[in-house]
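Coordinate analysis (summary)
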Amino acid sequence: MHNAAFAALGLDCRYLAFEVELKHLQAAIQGAKAMHFLGLNLTVPHKLVAFEMCDQLDPSAITWNAVNTIKFEKDAEGRVRSIGYNTDADGIVASLHEDLKLKLAGTKVLLLGAGGAGRTAALKLASENVAQLFLVNRTQGKAEEIANEIRRRFPSVSVFVGYPADKIDLILNATSLGLKPEDPLPLDEAHFSFKQARYAYDMIYRPAETPFLQAAKKAKCKTANGLGMLLHQGARAFEIWTGQKAPVKEMRKALEKEIYKNSLKTGAKSPSAKSHHPKAKTHK
Ligand code: ATR
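The phi angle of most residues is negative, glycine excepted, and most peptide bonds adopt the trans form. For the bond from Val44 to Pro45, the omega torsion is 0°, close enough to zero to count as cis. Topologically, Pro45 is positioned in the loop between strand S2 (39-41) and helix H3 (46-49). Cis geometry marks the peptide bond from Arg206 to Pro207; its omega dihedral reads 10°. Checked against the element boundaries, Pro207 lands in the loop between strand S10 (197-202) and helix H8 (211-218). Even without being a glycine, Asn65 presents a positive backbone phi close to 55°. Relative to the helices and strands, Asn65 resides in the loop between helix H4 (59-64) and strand S4 (69-74). In this structure Asn65 comes out as partly exposed when scored by relative accessible area, which is 45%. Positive phi values are uncommon outside glycine, yet Lys101 reaches one of about 55°. In this structure, Lys101 sits in the loop between helix H5 (88-100) and strand S6 (108-112). Classification of Lys101 as exposed rests on a relative accessible area of 57%.

Rules used in this analysis
Residues numbered from 1 in each chain as written. Predicted model: local features only at pLDDT ≥ 70, side-chain atom pairs only at ≥ 80, totals over all residues. Heavy atoms only, no water. Helix = DSSP H or I, 4+ residues; strand = E, 2+ residues; numbered from the N terminus. Buried < 20%, exposed > 50% of the residue type's maximum accessible area, 1.4 Å probe, protein only.

Here it is, written out as structure tokens:
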């Protein structure tokens, strides 16, 4: 998607993927800086470690305790500095907005999953002033921990651990259930019916339609998968690196072509489509 964006804007840049062992991450960041790269993307586990390795952190990286985007920038004395950002959380909100036309303030949301992606989503939803947030997770203690953090940081949000009894606006899957065809649904339909929700969003984007989204569609929910999240965290990174507005349409087209064509060709061989391979991607 980034190469499509560079082409669309006529920028002489390339986005490349590199496998970097965690023990070499510091050297790789220094090397990229020395070679005048514009920036880097990183994913798990590198994005958690890179937090300690940047010369400066943007508030987004501090908020989410992770760096998925680095920009190399010259300071007033001409020294190049690495600045760490996090664009993941913005990606969630931008996708809900664009793909579902959903504005979060004042809504009631059921969030399934309290792992890395679930925690980021929960805190971001709270920061967007959802009215009520229901957290459900196999390991209930993790949902309780996030609920307590939200009560501390966003006291105006009513947060509950467990299923809502009444109607809600959005149900969001942030678990990894649905990546494999044999996975059960990430929710217990004895406790919650899709008919109680207006919108359903699955962070998984491969397969394009999980059983979760199929069930939601059947119940007449408006649905979207996590491709938009991937797109928008990338679009935001693109804007950080280039200072130009990201050509989102071209980026989406390239992403869909790459992901859905390849997955058709290779069947179910794709890796986790929610959290990608640990590798650093760079471009100049
Ligand atoms: P990610 O970074 O993608 O969020 P993760 O941190 O490993 O990955 O989180 C995976 C999420 O899927 C968690 O909410 C996990 O539940 P637990 O916290 O109880 O582990 C959930 N999950 C994974 N496999 C599951 C399963 N078989 N049944 C229910 N939930 C599952």
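There is more to say, and it comes next.
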